[in-house]
Structures are given as structure tokens and as C-alpha cells.
Amino acid sequence: MLDYLRAECYKMLRRSYLWIALLIVGGLELVLVLLWAWLNGDMVNMTASTAFTMVLYLLSMGYYATAITSDIVYSDQYKFNTLKNEVAYGIPRVRIYLGKLFASCLLSVGACIVLLGWYALLCALMLPGDGAVLEAVKVLGFALLCAFPVWLGSQALYILCYFTIRGSTAAVILGVCIIAILGQMLTFLSLIVSLPAPALADALLAARGLLLTTPLENITEAIWDWSRVGWAWAVGAGWCVGATALGLWCFQRREIS
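Residues numbered from 1 in each chain as written. Predicted model: local features only at pLDDT ≥ 70, side-chain atom pairs only at ≥ 80, totals over all residues. Heavy atoms only, no water.

Visitor: Just checking my understanding: could you explain the environment of Ala 180 for this structure?
Guide: With respect to the helices, strands and loops of the structure, Ala 180 is situated in helix α9 (residues 168-193). Note: C-alpha distance between Ala 180 and Ala 103 (77 residues apart in sequence) is 24 Å. (Helix = DSSP H or I, 4+ residues; strand = E, 2+ residues; numbered from the N terminus.)

Here's what the structure looks like:
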């Protein structure tokens, strides 16, 4: 498994797609911080600590960033048909699936560290301090502690979609729809049935609490609520285990051609 994982990491690090994506996001971070620094004055007072806490409002982007990291790891399978060659060569399907899942998770964690580190450096160099940087870093760390498990859950979901659906575009669309739309659908259905069937409405709302996006809702109002952390980790672990089990089951029965 370790040799296969090293091979996957080697392949993804050699893809220009990865470095182009990092350069684009890093460039957007630079433009944003430069804009804040330029606007600073009598009307605007954007300090480094305030800029750090602004990340809390962007945590939901992590659900869709994992679609990119999944695509970086997996999309070449369709372009060069390497999945068929790996199966024909005799590599166990469990090793193939878990190798790509672990590689995409490592890539997600590494990219997150690099981009957050670059953003923090830009804020520290270009924005004035106000003595509250340490507290802002603690708040951001708490929010990331909630976000990390559900991001990994979304990573497992996208890998499931890639292994189940032939075609990277369709796989991404399915994953995005599950993450972005399922919660709204459950809320809408609960409103429809709330009068004729209140028990069913309560069940739908309870099911909504198990979605990947729910633990990060109103996260700015739940700072230092450690039950939110436990909730996020339970939801993220559930999706990781469930999506991986379903993906392995489907991949074992899939005919590779």
C-alpha cells in the first residue's frame, strides 16, 4: 500500500494542473490582501487579525476545493485509461481505491497548509497589527478543527463519485449537487410536510443534521462550542466510512473496460 501511495503522490506532484491551481488561488489571495491594504484608511480599517477571521466566512469553499484535489488525483484515469491497466496488472482493487483516496486527502491537507500559510504571511506583511492576532489565530484554529473532518468527508464523497461514474465532469456535478442541494431539499420537504406530518418533518430536519455542510453553518456564532467540534467529527467520520465502503463495494463489482 505504501509503495502504491508513494507512486500516486509522485504522479500528482508532477501534474502541472496542481501547480497552476495553487498559483491561481495564491494569486487571488495576493490581490485580495493588496486590495485591503490599499483601501485601509479613514473609512476602512482591515487589520491582520480581522483578515484572519475573514477565513471563517470562506470555509464552505473547502467542500468544492476537494473536487479539484480529487480531479488532480483521478482524472487521468479517463484520459490515459490507466485504471484498466492497473486492474489488469493485478493490483488489488482495494489498494487502488484506498491509494487514490489517501493521496487526495494528503493533497488536500498539503494544499490547505500552503494556501493558509501564504495568506497568513501576506496579512502579516501588508496589514497593520492590532494586538489581537493571537486571539484571531485561536478562533481560526477552532473553526478549522470543525471544518477539517467534513472536508475529508467531502473528499471521500468525490472519490466515490469518480470511481462510480465514468466521466470526471459528471462525477464532479454529482458530488457538488449532493453537497450543495441536498440540505436545501430536506429543508424544503420538511416545510411541505410540517402540517400534515410533523413527525416526518422533524425526521427530515434531523437527517439534515447529518449532512456535511450542516456543522459549518453559522460557525461564527459557535466559536468555543466544543459540541460543534464533536458533531463535525462524527459527521465527517460517518461520511468517510460510508462513502469509502460504498465506493469499494461498487468498484469491486464494476467492469473495467
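Visitor: What exactly am I supposed to notice about the pattern of salt bridges here?
Guide: Think of it this way: side chains of opposite charge can pair up when their charged atoms draw near. In total, this model carries one salt bridge according to the counting rule given. Across the pair Glu 217 and Arg 208 runs a salt bridge, and its minimum N-O distance is 2.7 Å. (Salt bridge = Lys/Arg side-chain N within 4 Å of Asp/Glu carboxyl O.)

Visitor: Teacher, can you tell me more about the packing of aromatic side chains here?
Guide: Working definition: an aromatic ring pair is given by the centre-to-centre distance plus the angle between the planes. Per the counting criterion, the structure on display carries eight aromatic pairs. Judged by centre distance (5.0 Å) and plane angle (85°), the ring pair of Phe 142 and Trp 226 falls under edge-to-face. Within this pair, whereas Phe 142 is found in helix α8 (residues 133-164), its partner Trp 226 is found in helix α11 (residues 226-253), the two being separated by 84 residues in sequence. The exposure class of Phe 142 is buried, given its relative accessible area of 2%. (Phe/Tyr/Trp six-rings, centres within 6.5 Å; stacked < 30°, edge-to-face > 60°. Buried < 20%, exposed > 50% of the residue type's maximum accessible area, 1.4 Å probe, protein only.)

Visitor: Would you mind showing me how to read the side chain of Lys 100 here?
Guide: Tracing the backbone through its elements, the reader meets Lys 100 in helix α7 (residues 93-126). With residues up to four places along the chain from it excluded, the contact list for Lys 100 reads Tyr 4, Glu 8, Lys 11, Val 73, Tyr 74, Gln 77, Leu 83, Glu 86, Ile 159 and Phe 163. (Contact = heavy atoms within 4.5 Å.)

Visitor: What's the story with the packing of helix α4 (residues 61-74) against α9 in this structure? I'm lost.
Guide: Geometrically, a packed helix pair is captured by the angle between its two axes and the distance between the axes. At a minimum axis distance of 10 Å, the contact between α4 and α9 shows a crossing angle of 160°. In this view, α4 runs roughly antiparallel relative to α9, as classed from their interaxial angle. Note on packing geometry: the crossing formed by α4 with α9 is right-handed. On the side of α4, the interface is formed by Tyr 63, Tyr 64, Ala 67 and Asp 71, while α9 contributes Ser 168, Val 172, Val 176, Ile 179 and Ala 180. Residue composition of the contact of α4 with α9, grouped by class: seven nonpolar, one polar and one charged. (Axes fitted to C-alpha atoms, helices over the stretch in contact; angles between N-to-C directions. Parallel < 35°, antiparallel > 145°, perpendicular 65-115°, else oblique. Left-handed = near helix turned anticlockwise from the far one by under 90°. Nonpolar A, V, L, I, M, F, W, Y, C, P; charged D, E, K, R; others polar.)

Visitor: Looking at this structure, I do not really get the layout of surface pockets. What am I missing?
Guide: Which parts of space are left empty comes out when a probe the size of a water molecule is rolled across the atoms. Looking at the largest pocket, its volume works out to about 980 Å³. Counting residues per element, the ones that place at least two in the lining of the largest pocket are α2 (16-39), α4, α7 and α8. Each residue belonging to the lining of the largest pocket can be placed in one class, and the counts come to 27 nonpolar, five polar and one charged. Roughly 160 Å³ of internal volume is contained in the second largest pocket. (1 Å grid on protein atoms, 1.4 Å probe; cavity = no way out; pocket = protein on both sides within 12 Å on 5 of 7 lines; lining within 4 Å. Points joined across faces, edges and corners; volume = space filled by probe spheres on them.)

Visitor: Would you mind going over the nonpolar core with me for this structure?
Guide: The biggest cluster of nonpolar side chains holds 55 residues, and the ones touching the most others in it are Leu 59, Tyr 97, Tyr 119, Leu 127, Phe 163 and Leu 216. For this core, the elements supplying multiple residues, two or more each, are α2, α3 (48-53), α4, α7, α8, α9 and α11. The leading source of residues in this core is α8, at 18 residues. In contact with Leu 59, other than residues within four places in its own chain, are Ala 143, Leu 144, Ala 147, Trp 151, Leu 216 and Ile 219. (Core = buried A, V, L, I, M, F, W, Y, C linked by side-chain atoms within 4.5 Å.)

Visitor: Please clarify how the state of the cysteines should be interpreted in this entry.
Guide: Here, disulfide denotes a covalent bond that connects the sulfur atoms of two cysteines. A complete count under the given rule lists zero disulfides for this structure. As a non-bridged cysteine, Cys 105 has Cys 240 as the owner of its nearest cysteine sulfur, 6.4 Å distant. This cysteine, Cys 177, is not joined by any disulfide, and Cys 161 carries the nearest cysteine sulfur, 9.7 Å off. Residue classification places Cys 177 among the partly exposed positions, given a relative accessible area of 34%. (Disulfide = S-S within 2.5 Å.)

Visitor: I tried to follow the environment of Ala 207 on my own but got confused; where do I start?
Guide: Summarising the element assignment, Ala 207 is placed in helix α10 (residues 198-208). For Ala 207, a relative accessible area of 31% translates into the label partly exposed. Considering only alpha carbons, one finds Ala 207 and Thr 82, 125 residues apart in sequence, at a separation of 38 Å.

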